[in-house]
Amino acid sequence: MAAPCVSCGAAASYRLFLAGRVSFAREQGLWKAAAAGLQTGTSCQILRLKHSPAVTTKKNVAALRRESYTVDFIKKQIEEFNIGKRHLANMMGEDPETFTQEDIDRAITYLFPSGLFEKRARPIMKHPEEIFPKQRAIQWGEDGRPFHFLFYTGKQSYYSLMHEAYGKVLHVEERQDQLRAKGLFSEKPKTKDPIGSRWLIKEELEEMLVEKLSDQDYAQFIRLLERLSALPCDAAEEEFVGRFRRTVTVQSKKHLIEPLQYDEQGMAFSTGQGKRKTANAEAVVYGHGSGKIEINGVDYLLYFPVTQDREQLMFPFHFLDRLGKHDVTCTVSGGGRSSQAGAIRLAVARALCSFITEDEVEWMRQAGLLTTDPRVRERKKPGQEGARRKFTWKKR
Amino acid sequence: MSTGIMLKGMTRLVSRVHKLDPGRFLHSGTQAPQCLVARLDNQVPTESPRAISRTLENDPAKHGEQHVGQHYNISIQELKTVFPHGLPPRFVMQVKTFNEACLMVRKPALELLHYLKNTNFAHPAVRYVLYGEKGTGKTLSLCHIIHFCAKQDWLILHIPDAHLWVKNCRDLLQSTYNKHRFDQPLEASVWLKNFKTANERFLSQIKVQDKYVWNKRESTEKGSPLAEVVEQGIMRVRNATDAVGIVLKELKRQSSLGIFRLLVAVDGVNALWGRTTLKREDKSPIAPEELALIYNLRKMVKNDWQGGAIVLTVSQTGSLFKPRKAYLPQELLGKEGFDTLDPFIPILVSNYNPKEFEACIQYYLENNWLQHEKAHTEEGKKELLFLSNRNPGLLERLCAYL
């Protein structure tokens, strides 16, 4: 898949180095191949497998190593992507100049409809930067000397980042001392948005630095950043810290609360819909009532003879302490008795949102009353008796 | 020990007078001593804002509007004589647990009592049909009526569940009296035994008006007491069904004379006109009228006799081949049954109203039956209310696990 080629000569900057199918994360192989490259001179050559001791003839070893891609390969992919984007825009009848990534996604889901449940298994068309993993360019020059001064620590990007951050801390403290010496120092309280952003997690940091970190390293880094952010910083330092924060959206703000509706008699009511497995329910909750619930024209006592189903219906009211205060009329179809009960519960909870305060809506959401249960029946797979059950294993 | 019980009794007395403060309730193992002591210390209940769950008025004849929702006590001796076989099994278990039999006074029963008190015995017997959804209290209302009639010295003809006669019968004999009908010796003999326990004193008074020949050696002469017929049925199980038939015929004939008043109480009367699950030896189904017991009973619930009343219940619970949600007499009786029973007075038995529900919960709390700590709080009561929707049967089942 990756075309082997080597850029020859005394190139100054980073070169992507390929040695057959060897992952260059194996430094031993790299050293030897680099040495071989030096020995065999500057002519273009394809370093073959004979120089790399780590390659074996087994087929699946390749799958274990990460595939490495050359710069040219990536460039070619990007060109192909752009051309493909224009073709796609043409196909869809849109303007190729203003064809964004969202348009691409929409076009692909339209042209290749997929019923797969796993979203990551569906066909995608994205920029090669997002598809091919980021790889480290070679860290040393022709003479074997590494470029970065912290190369021999093993985690050069991490330590350089720590060095930079600490430098900034010292700088800020120095500035503070100067101000205090001049007497112009004033305690400014830090106001930062407490909710709404979070620090990078370890995986994200590893991805950013293209380096493996340990938990202690990560903790140390975060502590340093906290220390920096606690001091009065100016714009440059804020921007530096901001690179390592991600926003967090508050879930409940996405939830729209319908306003109350009023019918002819002036009674306040509200509707809600709910689904569970294959059952669909629609509920109308009236503001003032005595706790009667009518389902498809039948009293809930007759419709759900099982206590468990009635307990499910009781849950939203009991949670909000409004047991005898509302009347409900609902219709439900599909599913079995348990899923119908779950669907009505969801519909009733959604309808009740119009009657209660925002805090209570948030509590309901945290209690799980407002979430559609995503569990559906798993399909039966061929070669097995059921979704998970295999056929009886017979030794002979 | 006794001082301990006395002290406990005192606290209960105090707590009841002080408006049933729930914190004072003591949870102890044995129910019996506390109940006895509580009843000993029982006095005129003071006016409390919550529904009072008990009343001292133990005579059904004196029950009125003011007693609706309250439990009255039936002593264990009376229970054995009046209800040898009439009570529903869950109620029997409850009686055994609480060591007392308390029935709640409810409006449909009061209505029926009012009609019964004002019956004109010269007119043909009036038929009353208690109907309602499952678990609303039809059978217990019937028991209330039977208790009243027993107290008033009527002759009680009580068939506890007619459905038992049309299903699950092991031995069916061809009837000796009529070749086309079938006998059910077991059921008939069991019923005769219970009938005897309930109406001992009448059996010697009533005289048979015909001669009945059982077999070559045994016969009952004209003028002999009914007790002999009943004895014959109990001893000779083969003739039990015929004995039942004779008893029914004689009672019907003689109640018009005015010696006694007859109450015919049948629970699950829709069994008489439905289908049976019994089959002949060649696997062909048997219709109800081919069963001798059913045939005779049908004659009994016709209103061509005077001097008594007929109180019936239609129920889906034991019925065969009827949908779960059916509760109206029309649906359960079918066309044939409805035409036969027409005209009748229908009485609807519905779920508890809020006051009755409160009273029921109070009764359970007083007997220390609800052990959950939230049971006596308002929220607990609301939960129970929601879950059972004030249906008495369901409430009882729910409380069984609390």
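Residues numbered from 1 in each chain as written. Chains lettered and ligands numbered in written order. Predicted model: local features only at pLDDT ≥ 70, side-chain atom pairs only at ≥ 80, totals over all residues. Heavy atoms only, no water.

Rules: UniProt positions are given in the numbering used here, feature names are shortened, and annotations may be inferred rather than shown by experiment.
As recorded by an unreviewed UniProt entry, chain B carries the name Small ribosomal subunit protein mS29 and is attributed to Capra hircus. Looking at chain B in UniProt, the text filed under Sequence similarities (unreviewed entry) is "Belongs to the mitochondrion-specific ribosomal protein mS29 family." Per UniProt, the comment on chain B under Subcellular location (unreviewed entry) is "Mitochondrion".

Per an unreviewed UniProt entry, chain A is named Small ribosomal subunit protein uS9m, and its organism is Capra hircus. Recorded in UniProt under Sequence similarities (unreviewed entry), the annotation for chain A is "Belongs to the universal ribosomal protein uS9 family." Of chain A, the UniProt comment under Subcellular location (unreviewed entry) reads exactly: "Mitochondrion".

1. Structural notes on the packing of aromatic side chains
Two aromatic rings are characterised by how far apart their centres lie and by the angle between their planes. Our working definition: Ring pairs shown here join Phe, Tyr and Trp side chains whose ring centres sit within 6.5 Å, with only the six-membered ring taken for Trp; geometry is labelled stacked below 30 degrees between planes, edge-to-face above 60, and tilted in between. Geometrically, a charge over a ring is one whose NZ (Lys) or CZ (Arg) sits within 6 Å of the ring centre while staying within 35 degrees of the ring normal.
Going through the model one piece at a time under the given rule, you end up with 21 aromatic pairs over all chains. The structure contains a cluster of three or more aromatic residues connected by ring pairs, namely Phe98, Tyr363, Tyr364 and Trp369 of chain B. Here the basic side chain of Lys168 of chain A rests over the ring of Phe240 of chain A, its NZ or CZ set 5.0 Å away from the ring centre.

2. Some thoughts on the confidence of the model for chain A
Convention followed: Values of pLDDT, which run from 0 to 100, indicate the predictor's confidence residue by residue. Between two residues, a contact is recorded if the distance between any of their heavy atoms is within 4.5 Å.
Averaged over all residues, the pLDDT of chain A is 81; the fraction at 70 or higher stands at 79%. Contacts from residues 1-57 of chain A, a stretch scored under 50 in pLDDT, to residues over four places away or in other chains number 76 contacts.

3. Quick notes on the packing of helix H3 (residues 71-92) of chain A against helix H4 (residues 101-111) of chain A
Residue and element names in this part refer to chain A. Rule in force here: Here an axis means a line fitted to C-alpha atoms, over the contact stretch when the element is a helix, while the angle between two N-to-C directions is reported on a 0 to 180 degree scale. Each helix is a run of DSSP H or I of at least 4 residues and each strand a run of E of at least 2, with the numbering of both proceeding from the N terminus. Left-handed is the label given to a crossing in which the near helix is rotated counterclockwise from the far helix by less than a right angle, and right-handed is the label when the rotation is clockwise. As a working rule, the residues Ala, Val, Leu, Ile, Met, Phe, Trp, Tyr, Cys and Pro are called nonpolar, Asp, Glu, Lys and Arg charged, and the rest polar, with Gly in that last group.
For the pair H3 and H4, interaxial distance at closest approach is 11 Å and the crossing angle is 65 degrees. The handedness of the crossing between H3 and H4 is left-handed. Facing Phe81, Lys85, Leu88 and Met92 of H3, the residues of H4 in contact are Gln101, Ile104, Ala107, Ile108, Tyr110 and Leu111. Taken together, the residues that form the contact of H3 with H4 break down as 8 nonpolar, 1 polar and 1 charged.

4. Here we look at the sheet that holds strand S6 (residues 293-295) of chain A
Residues and elements named next belong to chain A. Note the threshold: Being paired, for any two strands, means DSSP has found at least two bridges between them.
In spatial order, the strands read S3-S4-S5-S8-S6-S7; together these 6 strands make up an open sheet with mixed pairing. At either margin of the open sheet sits one strand with a lone partner, and together these are strand S3 (261-262) and strand S7 (298-299). With 2 bridges joining them, S6 and S7 adopt antiparallel strand pairing. In the strand pairing of S7, Ile295 is matched with Val298.

5. Overview of the packing of helix H11 (residues 307-320) of chain A against helix H12 (residues 337-352) of chain A
Residues and elements named next belong to chain A. Filter applied, for reference: Our angle categories are set so that under 35 degrees counts as roughly parallel, over 145 as roughly antiparallel, 65 to 115 as roughly perpendicular, and the remainder as oblique.
At their nearest, the axes of H11 and H12 sit 8 Å apart, and the two run at 15 degrees to each other. As far as their axial angle goes, H12 and H11 are roughly parallel. For the pair H11 and H12, the crossing hand works out as right-handed. Facing H11, whose interface residues are Gln308, Asp309, Gln312, Leu313, Phe315, Pro316, Phe317 and Leu320, H12 presents Arg337, Ser338, Ala341, Ile344, Arg345, Val348, Ala349 and Leu352.

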